[in-house]
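Geometric and topological summary
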Amino acid sequence: MTGGPGGLLVVGDVVTDVLALQEGPLAPDTDTAARISVRPGGAGANVAAWAARGGARAVLLARVGADSADWHRGELRAAGVDPRLVVDGQAPTAVVICLVDGRAERTLVTDGGASVRLGPADWRAELLEGIALVHLSGYLFFSHQGRRLAALVFADAAHRGLPVSVDPASTGFVARLGVGAFRAAIARAGLLVPNLAEARLLSGRDDPVLAATELSAGHGTVAVTLGARGALVARDGRLVAKVPAVRSAAVDSTGAGDAFTGGFLAARLGGADLAAAAEAGCRAGAEAVRTVGGRPPAGLPTGPSAGPPTGPCAGPSAPARGRAGWGYPRQL
């Protein structure tokens, strides 16, 4: 692993991804040809792996089944992540079936398995030793025990003056829980990293800038991914950065948002301002969509100097840039 003493702790999920890259639309009542592979995944694990790719010292707390614990532990270590995996003796590792169409867009079918059983009993405040930033996967908030765990993490992080970020993760699950309940559960987060659909749902605003600025007024900082249009960042109720996407030949969009989050957080831990961090996130996202699966491709160097094959983001960034450094604990 690379990075200085101030590391990233991700609390989230490890998943076995079954990826089906379809050769055409799904055909009812018959076969649809596809290239199928099994890959390590999970939003939390993916973020940790991409953060390690960006130079951060990344630690992951997650719950897996005994059926595949050794494989997942090995894959995380190979990605530069320090895995703190709780092995569940009753439930298997979570599984997600990812159906990827010809446009590289995905449809997910999810079995939460052991990941939804992560709870307060799995938490130790000692996990925060040497940590400068905590990231909570949004999937934590969709189970009762996950919300209880998140509350503990928020409290212990606040006691140590550590900022906490949250990825909302899923519009479907947020809507099922209720926007108000979700917003209440993440109220202490100092950074949100939603995609545009999630930002619109949480803010009630259709315009991306209004959605980002409104959410940032309550949370401090919000980085919204806009897909092919790049990303924008708002802080304290105002837009501070807008960066373009990196051109990329998309194969599979699985994990692209996780890659942005990991790249963004690693850059912030390395001292980048908000615009530069968003650019790093876009570079990671562009690398992700060129790769099958949600993790960084094997064999690539890690660390801030390991730029993507296509180079930096094309086009200028917005002139207004966020302040470098962490600020007060809720502010990232």
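A few points on the structure. Just so we're clear, the structure is a prediction, and the values are computed from it rather than from any experiment.

Calculation rules
- Residues numbered from 1 in each chain as written.
- Predicted model: local features only at pLDDT ≥ 70, side-chain atom pairs only at ≥ 80, totals over all residues.
- Heavy atoms only, no water.
- Helix = DSSP H or I, 4+ residues; strand = E, 2+ residues; numbered from the N terminus.
- Buried < 20%, exposed > 50% of the residue type's maximum accessible area, 1.4 Å probe, protein only.
- Contact = heavy atoms within 4.5 Å.
- Areas by Shrake-Rupley, 256 points an atom, 1.4 Å probe, with all protein chains shown as cover.
- Phe/Tyr/Trp six-rings, centres within 6.5 Å; stacked < 30°, edge-to-face > 60°.
- Axes fitted to C-alpha atoms, helices over the stretch in contact; angles between N-to-C directions.
- Parallel < 35°, antiparallel > 145°, perpendicular 65-115°, else oblique.
- Left-handed = near helix turned anticlockwise from the far one by under 90°.
- Nonpolar A, V, L, I, M, F, W, Y, C, P; charged D, E, K, R; others polar.
- Pairing = 2+ DSSP bridges.
- Lys, Arg positive; Asp, Glu negative; His and termini not counted.
- Salt bridge = Lys/Arg side-chain N within 4 Å of Asp/Glu carboxyl O.
- Arc of directions from axis to C-beta.
- Polar contact = N/O pair within 3.5 Å; in protein donor to acceptor, adjacent residues only side chain to side chain.

Right, let's talk about the overall build of the protein for a bit. Summing up its helical and strand segments, the protein has nine helices and 13 strands in all. Burial status across the protein gives 54% buried among its 332 residues. The long-range fraction of contacts in the protein, counting pairs at least 24 apart against all pairs at least 6 apart in sequence, stands at 71%. Within the structure as shown, the protein displays about 13500 Å² of accessible surface, and the carbon and sulfur contribution to it stands at 54%.

This model, assessed by the stated rule, comprises six aromatic pairs. Look at Tyr139 and Phe142: their rings are 6.1 Å apart centre to centre, the planes differ by 85°, and that puts the pair in the edge-to-face class. Exposure remark for Phe142: the relative accessible area of 21% places this residue in the partly exposed category. Arranged with centres 5.8 Å apart and planes meeting at 20°, the rings of Phe142 and Phe182 form a pair that is stacked. Note that Phe142 is positioned in the loop between β8 (131-137) and α3 (144-159) and Phe182 in helix α5 (residues 179-185), a separation of 40 residues in sequence.

What follows deals with the packing of helix α6 (residues 196-203) against helix α7 (residues 208-219). Two numbers describe how α6 lies on α7: the axes approach to 9 Å, and their chain directions differ by 60°. Viewed along their axes, α6 and α7 adopt a mutual orientation that is oblique. Seen from above, α6 lies across α7 with left-handed handedness. On the side of α6, the interface is formed by Leu196, Ala199, Arg200, Leu202 and Ser203, while α7 contributes Pro208, Ala211, Glu214 and Leu215. Counted by class, the contact of α6 with α7 contains six nonpolar, one polar and two charged residues.

One open sheet accounts for four strands, arranged β3-β2-β6-β7; its pairing is mixed. One side of each edge strand has no neighbouring strand; the edge strands of this open sheet are β3 (34-41) and β7 (106-111). Neighbouring strand axes in the sheet, compared pairwise and without regard to direction, differ in orientation by 20° on average. Where strand β6 (residues 94-100) lies against β7, six bridges are found, and the strand directions are antiparallel. Paired with Leu99 across the bridge in β7 is Thr107. Relative to the sheet, helix α2 (residues 69-78) contacts β2 (15-22) and β3, its axis offset from that of β3 by approximately 80°.

A few words now on the sheet that holds strand β1 (residues 7-11). What the nine strands build is an open sheet, ordered β5-β4-β1-β8-β9-β10-β11-β12-β13; its pairing is mixed. In the strand order of this sheet, the two ends are held by β5 (81-88) and β13 (238-243), each with one partner. The sheet contact formed by strand β11 (residues 221-225) and strand β12 (residues 231-235) spans five bridges and is antiparallel. Paired with Thr225 across the two strands is Ala231, which belongs to β12. Against the sheet, α7 contacts β10 (191-192), β11, β12 and β13, and its axis sits at roughly 35° relative to β12.

Residue position: Asp13 is located in the loop between β1 and β2. Here Asp13 sits buried without a salt bridge, and the closest side chain of opposite charge, Arg295, lies 8.8 Å off (N-O distance).

Of all the positions in α6, only Leu196, Glu198, Ala199, Leu202 and Ser203 are classed as buried. Viewed end-on, α6 has its buried residues packed into an arc of 160°, placing them on one side of the element. Those residues of α6 hidden inside the fold are in contact with β9 (164-167), α4 (171-177), α5, α7 and β11. For α6, the N-terminal capping position is held by Asn195, with its side-chain oxygen 3.2 Å away from the main-chain nitrogen of Ala197. Backbone geometry just downstream of α6 places Gly204 in the positive-phi region, at approximately 75°.

Here we come to the pattern of salt bridges. If the charged atoms of two oppositely charged side chains come close together, the side chains can form a pair. Summed over the entire model, instances satisfying the criterion amount to nine salt bridges. Here Glu129 and Arg160 are joined by a salt bridge, their closest N and O atoms 3.2 Å apart. You can see Glu129 sitting in the loop between β7 and β8 and its partner Arg160 sitting in the loop between α3 and β9, a full 31 residues away along the chain. On the basis of relative accessible area, Glu129 is assigned to the exposed category, the value being 51%. Through salt bridges with shared partners, a single network forms among Arg63, Asp88, Arg117 and Asp122.

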